[in-house]
Amino acid sequence: MKAPDQHIYAHPAWLILILSLAPTIGLGIGRFAYALVLPDMRDALGWSYSAAGFMNTINAVGYLAGALLASRMIRRFGLPQTVRWGTLAAIASLALCAVSGNFFVLSFARLLAGVGAAGGFVGGAALAATIAQTRPERANFLLSLYYAGPGLGIISSGLIAPFVLQGFGPGSWWIVWWAMTLLCAVLILPLLLAPLGSGAAIDSAAPARFSIRPVLVYLIGYFLFGAGYIAYMTFMIAYVRDAGGGALAQSAFWSLIGFSAFVTPWVWRRVLALDRGGLATTIILGTNAVGAALPIFGHSVWLLAISALVFGVAFFAVVGSTTAFVRFNYPPQAWPVAIAALTISFGIGQTLGPIVVGAITDAVGSLSFALNVSAAMLALGAVLSAFQRKVGRKIST
């Protein structure tokens, strides 16, 4: 990989925090804010749980397509432009969600959000890894800052959406999408203005191959994470509302997930430094599974609060652990390809997760049962990741 211009290395933490605005917008808001408006959209538009889940499934299809195209886009346009244009596409999708209640228009908007989020995420992760590598003694901490970013999006949407819905009443879901669009238009400004380096691109003279066989068990574990976590993030607000939680309870629950994700770099810095195959992912994903499983035991306020905190603190750290795994096991020119491969596996999982969980909910009439399935998938993913050994760097070149 060609290094970005050297002058941007003067403040690596600041630059990585700016890069984190890409997944803040594409994931923290573009994908996850949907859970906050899902109950109102389902009521106003007459959707089943399967139809509601399909909206996150089509978003995940877009994310998968974006991941498949990411390396090509990065090679053609460079890392900074891929990050910026992907994030702009995610913002455009939010505006499109606000202008129509048509199922097909909304489906296209969610598809576009996924494509943009994937381009922004893969490009941003590769660029963040490159910048972090210039400070080897702090590389894992610096890289984890990138994955703390979406917590800002979750907190922001959690503090806005429930109260907009409460203030404007039933059927005001489209106003929430406009509010999210305006918020993201402000958040993207530093990303558009920061000197990310015009030379940050894949070195076309040193193409890299990625072999699936040495990391197959790890890819399956990450697939299960994708399928399991998205069900929790899609339907937990509906679960809280069905348990009697109003706007304040929904906002508090969602904001706790965002807050705990925001402190991820400090909680997991030592675990992310473990260069022992899939061990770091096993520890963090296991914690994620525990958080997802806690609502099984009841609807109490404290239990749901602990669930949000435990789930959130491990949520984006799982993704961070996979990028750390790539950084430890592959040469720099292979990072975008390896990150894209992992993102594809993750994308397939989260493509299937929402619609399967929605169908289960429609069939058995219980969100609790479907969320149990979600927690079980996360736990199995943690177990499988434990079997991943280190990969020799020769394999990817």
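Residues numbered from 1 in each chain as written. Predicted model: local features only at pLDDT ≥ 70, side-chain atom pairs only at ≥ 80, totals over all residues. Heavy atoms only, no water.

Considerations on the overall build of the protein
Test applied: By definition, any uninterrupted DSSP run of H or I lasting at least four residues is a helix, any uninterrupted run of E lasting at least two residues is a strand, and each is numbered from the N terminus. When a residue's accessible area, from a 1.4 Å probe over protein chains only, is under 20% of the maximum for its type it is buried; when over 50% it is exposed; and in between it is partly exposed. Every residue pair with non-hydrogen atoms within 4.5 Å of one another is taken to be in contact. To measure how exposed things are, a 1.4 Å probe is used in the Shrake-Rupley method; for residues, cover is taken only from the protein chains shown. Note on charges: Lys and Arg go in the positive column, Asp and Glu in the negative column, and His and the chain ends are not counted at all. A charged residue contributes its charge at one atom only: NZ of Lys, CZ of Arg, CG of Asp or CD of Glu.
For the protein, the helix and strand inventory stands at 17 helices and zero strands. Overall, the protein is about 55 × 40 × 35 Å in size when its C-alpha atoms are taken along their principal axes. Looking at the 397 residues of the protein, the share that counts as buried comes to 61%. In the protein, the proportion of contacts linking residues at least 24 apart, taken out of those at least 6 apart, comes to 85%. Accessible surface computed for the protein: about 14,400 Å², of which carbon and sulfur atoms make up 70%. Here the protein contributes 21 positively and 8 negatively charged side chains, and the mean placements of these two sets differ by 13 Å.

Quick look at the side chain of R110
Note the cut-off: Here, a salt bridge means any Lys or Arg side-chain nitrogen found within 4 Å of an Asp or Glu carboxyl oxygen.
Mapped onto the fold, R110 is located in helix α6 (residues 103–132). Nearest to the buried, unbridged R110 among oppositely charged side chains is D40, at 15 Å. With residues near it in sequence (within four places) discarded, R110 still touches G30, R31, Y34, M55, N56, I58, N59, C97 and W177.

Some thoughts on the packing of aromatic side chains
Quick reminder of the rule: Two rings from Phe, Tyr or Trp (for Trp, the six-membered ring) form a pair when their centres are within 6.5 Å of each other. A pair whose planes differ by under 30 degrees is stacked, one over 60 is edge-to-face, and the rest are tilted. Whether a charge sits over a ring comes down to the Lys NZ or Arg CZ being within 6 Å of the ring centre and within 35 degrees of the ring normal.
In this structure the tally under the stated criterion is 17 aromatic pairs. Ring geometry for F32 against Y229: centres 5.9 Å apart, planes inclined by 80 degrees, an arrangement best described as edge-to-face. With F32 in the loop between α2 (21–29) and α3 (34–45) and Y229 in helix α11 (residues 216–242), the pair connects residues that are 197 residues apart, well separated along the chain. F32 sits in the buried class, given a relative accessible area of 3%. Look at Y229 and you get buried, because its relative accessible area is 1%. Arranged with centres 5.7 Å apart and planes meeting at 20 degrees, the rings of F54 and F103 form a pair that is stacked. Remark: F103 occurs in helix α6 and F54 occurs in helix α4 (residues 49–77); sequence separation between them is 49 residues. Overall, the relative accessible area of 26% leaves F54 in the partly exposed class. Looking at F103, the relative accessible area reads 28%, which means it is partly exposed. Through a chain of ring-to-ring contacts, the aromatic side chains of F32, Y63, Y222, F225, Y229, Y232, F253, F311, F315 and F346 assemble into a single cluster. Lying over the aromatic face of Y63, R31 brings its terminal NZ or CZ to 4.4 Å of the ring centre. A cation over an aromatic ring shows up here: R42 above the ring of Y49, its NZ or CZ 3.9 Å from the ring centre.

Concerning helix α15 (residues 301–329)
Put simply, the test is: Helix span is expected to be 1.5 Å times the residue number reduced by one. Axes are fitted to the seven residues ending at a residue and to the seven starting at it; the angle between these axes is taken as the bend at that residue.
Here α15 contains 29 residues, and its C-alpha end-to-end distance of 42 Å stays within 8% of the 42 Å for a straight helix at 1.5 Å per residue. Within α15, the axis deviates most sharply at V318, by approximately 30 degrees. Of all the 29 residues making up α15, 24 are buried; the element is thus mostly covered by neighbouring parts of the structure.

Observations concerning the pattern of salt bridges
For the structure shown, the criterion picks out two salt bridges. Among the salt bridges present, the one from D43 reaches R241, with a minimum N-O distance of 3.0 Å. In this pair, D43 is assigned in helix α3 and R241 in helix α11, connecting sequence segments 198 residues apart. Residue classification places D43 among the partly exposed positions, given a relative accessible area of 46%. For R241, a relative accessible area of 31% corresponds to the partly exposed category.

Here we look at the environment of M233
On the secondary structure map, M233 appears in helix α11. Judged by its relative accessible area of 1%, M233 is buried. Counting along the chain gives 85 residues from M233 to A148, while the straight-line C-alpha distance between them is 16 Å. Among residues more than four places away in sequence, those in contact with M233 are F32, A35, I154, W254, I257, F311 and F315.

Points about the nonpolar core
Our working rule: Throughout, nonpolar core names a set of buried Ala, Val, Leu, Ile, Met, Phe, Trp, Tyr and Cys residues whose side chains join them through atoms within 4.5 Å.
Ranked by size, the top nonpolar core spans 125 residues in total, and within it F32, F225, Y229, M233, F253, W254 and F315 carry the most contacts. Considering every element that reaches this core, the biggest residue donor is α11, with 15 residues. The contacts of Y229, once residues within four sequence positions are left out, are R31, F32, N288, F311, F315, F346, Q350, S374 and L378.

Section: the environment of V290
Turning to its location among the elements, V290 is positioned in helix α14 (residues 279–293). Taking C-alpha positions, V290 is 7.4 Å from A375, a pair spaced 85 residues apart along the chain.

Digging into the packing of helix α7 (residues 139–148) against helix α13 (residues 264–272)
The description of two packed helices rests on the angle between their axes and on the distance between the axes. Note the cut-off: Between the N-to-C directions of two axes lies an angle of 0 to 180 degrees, each axis being a line fitted to C-alpha atoms and, for a helix, fitted only over the stretch in contact. These descriptions rest on fixed angle ranges, namely under 35 degrees for roughly parallel, over 145 for roughly antiparallel, 65 to 115 for roughly perpendicular, and the rest for oblique. Each crossing gets its handedness from the near helix: less than a right angle anticlockwise from the far helix is left-handed, clockwise is right-handed.
Running from amino to carboxyl end, α7 crosses α13 at an angle of 135 degrees, the nearest separation of the two axes being 9 Å. Classified by the angle between their axes, α7 and α13 sit oblique to one another. The element α7 and its partner α13 pack so that their crossing is right-handed. Contact residues: N140, F141, S144, L145 and A148 in α7; P265, W266, R269 and L272 in α13.

Let's talk about the confidence of the model for the protein
Inclusion rule: On a range of 0 to 100, pLDDT expresses the predictor's confidence in each residue.
Per-chain confidence: the protein averages 85 in pLDDT, with 93% of residues scoring 70 or above. Counted against residues more than four places away or in other chains, residues 1–8, with its pLDDT under 50, gives 31 contacts.

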